[in-house]
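Coordinate inspection notes
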Amino acid sequence: MTPETPGLHHVTAIAGDPQRNVDFYVDTLGLRLVKKTVNHDDPGTYHLYFGDGEGTPGTNITFFPWTDEGRPGQFGTGQTETTAYRIPPKSVDYWRDRLESRDVAVDVADRFGETVLRFEDPDGIGLELVAAGEAQRASDSASGESNATPWTEGPVPAEHQLRGFYGVTLAVDSIEATAAVLTDVLGYELEDEVDGRRRYRSAAGGPGSIVDLVETDVGRGRMGVGTVHHVAFTVKNVEEQEAWREAFADHGLSPTEVIDRKYFQSIYVREPGGVLFEMATTGPGFAVDEDPAELGTELVLPEHLEDERERIEAQLPPFDDPTVDASD
Ligand code: ZN
């Protein structure tokens, strides 16, 4: 069985100060904080997940906030240059105004016939909002209708809310080896190329199905605050993970065993261009340990860390969710 992925599951990056991170993703971008937990591999650091109203796979950008004392990263090859969310074409002016009114510098570009707003988060992580569907409106089902659920209590009106991922741009030293993983293992197809940017789309289609590859000569990136840690693609279920492990191994790569991340089951593999890929199952999802109405309101820990809760909580810097009334 050759497995297929519809596209992105989540993107995980390293932030500095957690309060600044939450303020930007919740209050400015209007995403919901859907999970407040710790990095399972480093419980002294939060793991914050921001997504749509339900934390649907394909909408979640997640962070390890290393605080402002954390080692700064350096953008370069083997890294994600930008993470792009979809917005409705009619929302371009809304978003440009919203970002600029908050002193976020916005570059507006036309790319493959679609309007792209490019900017950075407070830690320097590259983001884009793409007016998806402008180029191939409704005529191409592969462009994928949004599966995002509006967050009715969020600060952004539902009609303008981010609609989940559009795609990612990966920066590599040389495109070919990374392209081969996309086409030969992940089932992506070369769709277009403009100005050295090669666009690949998952054959299975769906939201978040775009991966763009660009070459850069700025040198090898260094992981740290302000850089993306890994990019995760969607896997149907845990049974499919063995087929993914085999497919990566057949390509000469070294995937990990399946790791239980509580909200999904994952394997990880470093692609030859240096980007860390993860394959994550759609389930069981964020409601596994919190009521859907209460997502992200409490610090939740994996069972094996519950005994250490007091010590863990004491060393995490406190922060407020800007949408939660502190007087409640
Ligand atoms: Zn991940």
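Above this text sits the structure in question.
The following refers to the structure shown. (Residues numbered from 1 in each chain as written. Predicted model: local features only at pLDDT ≥ 70, side-chain atom pairs only at ≥ 80, totals over all residues. Heavy atoms only, no water.)

This part takes up the overall build of the protein. For the protein, the count of helices and strands is five helices and 16 strands. Each principal axis of the C-alpha atoms in the protein carries an extent, and together these give about 50 × 45 × 35 Å. Of all 328 residues assigned to the protein, the portion counted as buried reaches 55%. Relative to all contacts within the protein whose residues are 6 or more apart in sequence, the contacts with residues 24 or more apart total 68%. Carbon and sulfur atoms make up 45% of the accessible area of the protein, which amounts to about 13900 Å² in all. Computed over 27 positive and 62 negative side-chain charges, the separation of the two mean positions in the protein equals 2 Å. (Helix = DSSP H or I, 4+ residues; strand = E, 2+ residues; numbered from the N terminus. Buried < 20%, exposed > 50% of the residue type's maximum accessible area, 1.4 Å probe, protein only. Contact = heavy atoms within 4.5 Å. Areas by Shrake-Rupley, 256 points an atom, 1.4 Å probe, with all protein chains shown as cover. Lys, Arg positive; Asp, Glu negative; His and termini not counted. Charge placed at Lys NZ, Arg CZ, Asp CG, Glu CD.)

The protein atoms donating to the zinc ion are His10 (NE2), His230 (NE2) and Glu278 (OE), with metal-donor distances spanning 1.9 to 2.0 Å. Along the chain, the residues that donate to the zinc ion are spaced as H-x219-H-x47-E. Taken as a pair, His230 in strand E13 (residues 227-235) and Glu278 in strand E16 (residues 276-284) lie far apart in primary sequence, 48 residues in all. For the pair His230 and Glu278, a shared accessibility class is recorded, and that class is buried. (Donors = N, O, S within 2.8 Å, 3.2 Å for Na, K, Ca; no water.)

Our focus in this paragraph is the pairing of strand E15 (residues 264-270). When you tally the buried positions in E15, you get five out of seven residues, the bulk of the element. Relative to E15, strand E14 (residues 259-260) runs antiparallel, the two being bridged by two bridges. Its bridge partner being in E15, Asp260 is matched across the sheet by Gln265. Two successive antiparallel strands, E14 and E15, enclose a turn made up of three residues, where Lys262 displays a positive phi of approximately 70 degrees. With six bridges connecting them, E15 and E16 associate as antiparallel partners. The residue bridging Ser266 from the neighbouring strand is Ala280, located in E16. In sequence, E15 turns back onto E16 through a hairpin of five residues, with Gly274 there showing a positive phi of about 105 degrees. (Pairing = 2+ DSSP bridges.)

What follows covers the pattern of salt bridges. Counted according to the given criterion, the structure contains 21 salt bridges. The salt bridge partner of Arg199 is Asp212, with a shortest N-O separation of 2.8 Å. In this pair, Arg199 sits in strand E11 (residues 197-202) while Asp212 sits in strand E12 (residues 210-215), placing the two residues 13 residues apart along the sequence. Comparing Arg199 with Asp212 shows no difference in burial state: the two are buried. (Salt bridge = Lys/Arg side-chain N within 4 Å of Asp/Glu carboxyl O.)

This part is about the environment of Gln241. In this structure, Gln241 sits in helix H4 (residues 241-250). With a relative accessible area of 0%, Gln241 lands in the buried category. Measuring from C-alpha to C-alpha, the distance between Gln241 and His47 comes to 24 Å, with 194 residues separating the pair along the chain.

So, on to the side chain of Glu128. Tracing the sequence through the fold places Glu128 in strand E8 (residues 126-131). Residues within four places of Glu128 in sequence aside, it is in contact with Thr82, Thr83, Ala84, Tyr85, Arg111, Val116, Leu117, Arg118 and Phe119.

Taken in spatial order, the eight strands make up an open sheet running E6-E7-E8-E5-E9-E12-E11-E10, and their pairing is mixed. Two strands in the sheet have a free side with no partner beyond their single neighbour: strand E6 (107-111) and strand E10 (188-194). Between one strand axis and the next, the sheet turns by 25 degrees as a mean value, whatever way the strands run. Of the strand pairs in this sheet, E10 and E11 are connected by six bridges, and their pairing is antiparallel. Each bridged residue has a counterpart across the sheet, and for Tyr188 the counterpart in E11 is Ser202. Contacting strand E5 (79-87), E6, strand E7 (114-120) and E8, helix H2 (residues 92-101) crosses the sheet at an angle of about 15 degrees to E7. (Axes fitted to C-alpha atoms, helices over the stretch in contact; angles between N-to-C directions.)

Before going further, it helps to examine the environment of Thr323. The topology assignment puts Thr323 in the segment after helix H5 (309-315). Judged by relative accessible area, which is 32%, Thr323 ranks as partly exposed. Sequence separation between Thr323 and Glu278 is 45 residues; the distance between their C-alpha atoms is 31 Å. The residues touching Thr323, leaving out its near neighbours within four places in the chain, are Val26, Trp151 and Pro155. A distance of 2.8 Å separates the side chain of Thr323 from the side chain of Asp321, its partner in a polar contact. (Polar contact = N/O pair within 3.5 Å; in protein donor to acceptor, adjacent residues only side chain to side chain.)

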